[in-house]
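Listed here are the chains, written in short residue letters.
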Amino acid sequence: MQLDSSNVVIFIILAFSLGIVLILGRNSIPDRLRRGMALIATLMICFAFFLIVYFLYNMGA
């Protein structure tokens, strides 16, 4: 199964953008939302790193 690289690039950009927005706006986000959003952003960023490594590993194949 081939992944569409444009969708992956968009996901990676959005995951890192969400992390940056949460870091810069941490004072304006309510406490109840902050923990859940931070968990979701962390999972998305970890998956984005996995996708980056996966595409770099398969680049030579």
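Since the structure is predicted, the reported quantities are computational estimates derived from the model, not experimental observations.

Undergrad: Before we move on, can you summarise the packing of aromatic side chains with the specific residues and values?
TA: As enumerated under the stated definition, the model contains five aromatic pairs in all. Ring geometry for Phe11 against Phe47: centres 5.7 Å apart, planes inclined by 70 degrees, an arrangement best described as edge-to-face. Separated by 36 residues along the polypeptide, Phe11 in helix 1 (residues 5-24) and Phe47 in helix 2 (residues 31-58) bring together distant segments of the chain. In this structure an aromatic cluster arises from ring pairing among Phe11, Phe47, Phe50, Tyr54 and Phe55.

Undergrad: I'd love a proper account of the nonpolar core, names of residues and values included.
TA: Ranked by size, the top nonpolar core spans five residues in total: Val8, Ile12, Ala15, Ala48 and Leu51. Of all the elements in the fold, those that place two or more residues in this core are helix 1 and helix 2. Looking at this core element by element, the count peaks at three residues for helix 1.

Undergrad: Break down the UniProt feature "transmembrane region" (unreviewed entry) in the chain for me, citing the residues and quoting the values.
TA: In this numbering, the UniProt entry assigns the feature "transmembrane region" (unreviewed entry) to residues 6-25 and 37-57. A distance of 30 Å separates the end C-alpha atoms of residues 37-57, which is 100% helix and 0% strand.

Undergrad: Mind laying out helix 1, listing which residues take part and the relevant values?
TA: With 20 residues, helix 1 extends 29 Å between its outermost C-alpha atoms, agreeing within 8% with the 28 Å of an ideal straight helix rising 1.5 Å per residue. Taken together, the buried positions of helix 1 are occupied by Val8, Ile12, Ala15, Gly19 and Leu22. Considered in projection along helix 1, the buried side chains sweep an arc of 105 degrees and stay on one side of the axis. Counted as exposed and oriented over 90 degrees from the buried face of helix 1: Ile13, Leu14, Val21 and Leu24.

Conventions we followed
- Residues numbered from 1 in each chain as written.
- Predicted model: local features only at pLDDT ≥ 70, side-chain atom pairs only at ≥ 80, totals over all residues.
- Heavy atoms only, no water.
- Phe/Tyr/Trp six-rings, centres within 6.5 Å; stacked < 30°, edge-to-face > 60°.
- Helix = DSSP H or I, 4+ residues; strand = E, 2+ residues; numbered from the N terminus.
- Core = buried A, V, L, I, M, F, W, Y, C linked by side-chain atoms within 4.5 Å.
- Buried < 20%, exposed > 50% of the residue type's maximum accessible area, 1.4 Å probe, protein only.
- UniProt positions renumbered as here; feature names shortened; annotations may be inferred.
- Expected span 1.5 Å × (residues − 1).
- Arc of directions from axis to C-beta.

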